[in-house]
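Examining the three-dimensional arrangement
Chain by chain, the residues:
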Amino acid sequence: MTRLPRFALIAAPAALGLVMLAAPAGARQTASAQPVLPGYWEYTTSVLGNRDTEQRCVRPSEINRFFGGLSTRRWTCTYPTRQVGGGNARFEGVCQDKKGRRVNVRLNGTYQQESFRFSGGAQLARGTPYIPATITARRLNAVCPANAEYF
């Protein structure tokens, strides 16, 4: 069994989450054209058997950022390939942390207004295989609870 470096175990789940939870700057859509609806969402990222589940309130103004890839304090991502339409989506891009470490990411799958599921992976070094990964999300409610964390 190949032993992955510690960075791989830490970076891969973050990289996958990054891809799916923030859109390119400037992308705007009307409410009727949004691929998913605002509200209270639960999303789970799974990489190498490690699962991470979070629940967040997503405002209408945050849908693009939520559905297209996560912006965090640690990672900045760009997605030259972002195809969304007809219930199918495909994302390919690069995420980079503050230390300059880069991870190639690609995912594809299906979505509905209240759920999505994407599979693919993260490539930690050029020429290495992609580490399999998935992200699933479902809208729990149209209204967020009073104590909800916001996206």
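Fair warning: this is a prediction, and the values are worked out from it, not measured in the lab.

Considerations on the overall build of the protein
Counting its secondary structure elements, the protein contains 2 helices and 7 strands. Counting from the amino terminus, helix and strand elements in the protein follow one another as α-β-β-α-β-β-β-β-β. The buried share of the protein, reckoned over its 151 residues, is 44%. Considering only contacts within the protein whose residues lie at least 6 apart along the sequence, 56% involve residues at least 24 apart. Surface exposure of the protein reaches about 8500 Å², of which carbon and sulfur atoms provide 48%.

Describing the pairing of strand β5 (residues 102-112)
Relative to β5, strand β4 (residues 88-97) runs antiparallel, the two sharing 9 bridges. When the sheet's bridge partners are listed, glycine 93 is paired in β5 with valine 105. Taking the residues that link successive antiparallel strands as the turn, the β4-β5 hairpin has 4 residues, and the phi of glycine 100 there is positive, at about 90°. Note that β5 and strand β6 (residues 115-123) share 9 bridges and pair antiparallel. By the bridge assignment, asparagine 108 is partnered in β6 with serine 119. Here β5 hands over to β6 after 2 residues, the two strands then running antiparallel side by side.

A short note on the side chain of glutamine 123
Position of glutamine 123 relative to the elements: it lies in strand β6. Looking at glutamine 123, the relative accessible area reads 10%, which means it is buried. Residues contacting glutamine 123, with those up to four places away along its chain left out, are Val103, Asn104, Thr128, Pro129 and Tyr130.

Considerations on the nonpolar core
Among the nonpolar cores identified, the biggest contains 26 residues, and Val36, Trp41, Phe66, Phe67, Phe116 and Phe118 are the most heavily contacted of them. Contributing elements (two or more residues each) for this core: β1 (39-47), α2 (63-68), β3 (75-85), β4, β5, β6 and β7 (131-141).

What about the pattern of salt bridges?
Tallied over the full model, the rule gives 7 salt bridges. In this structure, glutamate 62 engages arginine 59 in a salt bridge whose closest nitrogen and oxygen atoms are separated by 3.1 Å. Residue classification places glutamate 62 among the buried residues on the basis of a relative accessible area of 9%. Of the charged contacts, one joins glutamate 114 and arginine 139 as a salt bridge, the two residues approaching to 2.8 Å between their closest N and O atoms. One end of the pair, glutamate 114, is in the loop between β5 and β6; the other, arginine 139, is in strand β7, with 25 residues separating them in the sequence.

What about the state of the cysteines?
Across all of its chains, the model carries 1 disulfide by this definition. Disulfide partner of cysteine 57: cysteine 144, at an S-S distance of 1.8 Å. The chirality of the disulfide connecting cysteine 57 with cysteine 144 is right-handed, given an S-S dihedral of about 85°. In this pair, cysteine 57 sits in strand β2 (residues 50-58) while cysteine 144 sits in the segment after β7, placing the two residues 87 residues apart along the sequence. For cysteine 57, a relative accessible area of 5% corresponds to the buried category. Residue classification places cysteine 144 among the buried positions, given a relative accessible area of 19%.

Some words on the environment of leucine 37
Considering the arrangement of structural elements, one finds leucine 37 in the loop between α1 (6-20) and β1. Each C-alpha atom of the pair leucine 37 and proline 60 lies 7.4 Å from the other, and the pair is 23 residues apart in sequence. Not counting chain neighbours up to four residues away, the residues in contact with leucine 37 comprise Ile63, Gln113, Glu114 and Arg139.

Rules of the game
- Residues numbered from 1 in each chain as written.
- Predicted model: local features only at pLDDT ≥ 70, side-chain atom pairs only at ≥ 80, totals over all residues.
- Heavy atoms only, no water.
- Helix = DSSP H or I, 4+ residues; strand = E, 2+ residues; numbered from the N terminus.
- Buried < 20%, exposed > 50% of the residue type's maximum accessible area, 1.4 Å probe, protein only.
- Contact = heavy atoms within 4.5 Å.
- Areas by Shrake-Rupley, 256 points an atom, 1.4 Å probe, with all protein chains shown as cover.
- Pairing = 2+ DSSP bridges.
- Core = buried A, V, L, I, M, F, W, Y, C linked by side-chain atoms within 4.5 Å.
- Salt bridge = Lys/Arg side-chain N within 4 Å of Asp/Glu carboxyl O.
- Disulfide = S-S within 2.5 Å.

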